Every structure is written in structure tokens, then in C-alpha cells.
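As a plain string of letters, each chain reads:
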Amino acid sequence: MGQTTFSGPVISLNGFINRGPDFVVNITADTTLTVADHAGKLIRVNDADCKITLPTINDSAVTAPDTASNIGSTFRFYIETSATDLDIKTDGTDKFVGSLSVAGTTQNAFAPGATNDVVTMAGSVTGGVKGSYIEVTAVDDDVYLIQGVLVGSGTVATPFADA
């Protein structure tokens, strides 16, 4: 398939490359993400204490491009304003798997517990200093894969928690 330019949301069952000015979305307040407005884009977080809620995972069968399934939807976060009490959370039913590395005076990788549905960044031991990066992908019913590197300070601690 040749290159094609679209001016609205596009669903591909085989992937595609995003670029251009609408590829980056800026968040400056509490936000509930949607697949149409945020998936596949780079989300610049510019609110030190906002609450970002991921969409509920829908794993309905993918039979056509207009299906409601959001399996495979990826949300990428770049922390541009250092966090003081920044949360990235699920709907409470969906949980995280994967890991986040936090680098401060010490460095460690943390995996979420079975019930963890929130990542809390305070800009110090749990990370979230400017330059931190997180990627979250809906991979299965009730399961978000999370990975990334958080910049912190001091002796680092897990950013994962329960709501």
C-alpha cells in the first residue's frame, strides 16, 4: 500500500506510522483518555498533580475496522512538567502487568502487584521528574501492559498502588 494522508482518526488492523502536528497531545488538567483522541499519540503531561484515567479495555472480537475493541491501543506519556502527585490509573477493573524502572540516587525496576491499578508519581522516590516516559498498551481483557523509565531522586520506591 502506498502512502496516504488522512485528516481524521484511522483504524488499521495491521498498524501504521503516525507523525505531524496532531501526533502530540498536551494534557494540562485531569483527563479521561479516549482511543480516538489519545491512542497512538504522544501525550505531553503538563500538570504536576493531574489524574489521567485510561479507557476501559474492550476485548470484543475484531471483525471489522469499526469494531469497539481497543486491544492493541497504546498510550505514550512524556512527563514534561515534573510531577508532585500525578496519577495514571485504570477504571479499577483493569490491572497493570510489565514494569517501570525508576532512577534516582538508586535505581530499580518495579513490577505491579496483581491488584495494582494506579501509577503514582511524586517527582522524587516514585519518579515523574521531567523527562520520564511511560507506555501503556491494552493487551487483553482487564490487562494493560506498562513499561517505561521514570526519573526520580533519592532512594527509589515503587510507583504502583491500588486505587
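Scroll up a little and you will see the structure.
Residues numbered from 1 in each chain as written. Predicted model: local features only at pLDDT ≥ 70, side-chain atom pairs only at ≥ 80, totals over all residues. Heavy atoms only, no water.

Colleague: Kindly report on the environment of Ile-17, identifying the contributing residues and their values.
Modeller: Counting through the fold element by element, Ile-17 comes out in the segment before strand 1 (24–27). Given the relative accessible area of 78%, Ile-17 is considered exposed. Sequence separation of Ile-17 and Lys-130 is 113 residues, and the distance between their C-alpha atoms is 26 Å. (Helix = DSSP H or I, 4+ residues; strand = E, 2+ residues; numbered from the N terminus. Buried < 20%, exposed > 50% of the residue type's maximum accessible area, 1.4 Å probe, protein only.)

Colleague: Before we move on, could you go through the pairing of strand 1 and cite the residues and values that matter?
Modeller: Along strand 1, the buried face is formed by Val-25 and Ile-27; none of Val-24 and Asn-26, which line the opposite face, is buried. Two strands pair when backbone bridges link them, and strand 1 and strand 3 (residues 42–45) are joined in this way by 4 bridges, in the parallel orientation. Within strand 3, the position partnered with Val-25 by the bridge is Ile-43. (Pairing = 2+ DSSP bridges.)

Colleague: Please give an account of the nonpolar core that cites residues and values.
Modeller: Within the largest apolar cluster, 29 residues are counted, with the highest numbers of intra-cluster contacts made by Ile-52, Leu-54, Phe-77, Met-121 and Ile-134. Looking at this core, the elements that each hand over two or more residues are strand 3, strand 5 (74–79), strand 6 (86–89), strand 7 (95–103), strand 9 (118–121), strand 10 (129–140) and strand 11 (143–151). Once you skip the residues sitting within four places of it in the chain, Met-121 turns out to touch Ile-79, Ala-83, Thr-84, Asp-85, Leu-86, Ile-88, Thr-126, Gly-127, Gly-128, Ile-134 and Leu-150. (Core = buried A, V, L, I, M, F, W, Y, C linked by side-chain atoms within 4.5 Å. Contact = heavy atoms within 4.5 Å.)

Colleague: For unusual backbone geometry, give the residues involved together with the corresponding values.
Modeller: Here Asp-142, not a glycine, exhibits a phi torsion of approximately 70 degrees, which is positive. Summarising the element assignment, Asp-142 is placed in the loop between strand 10 and strand 11.

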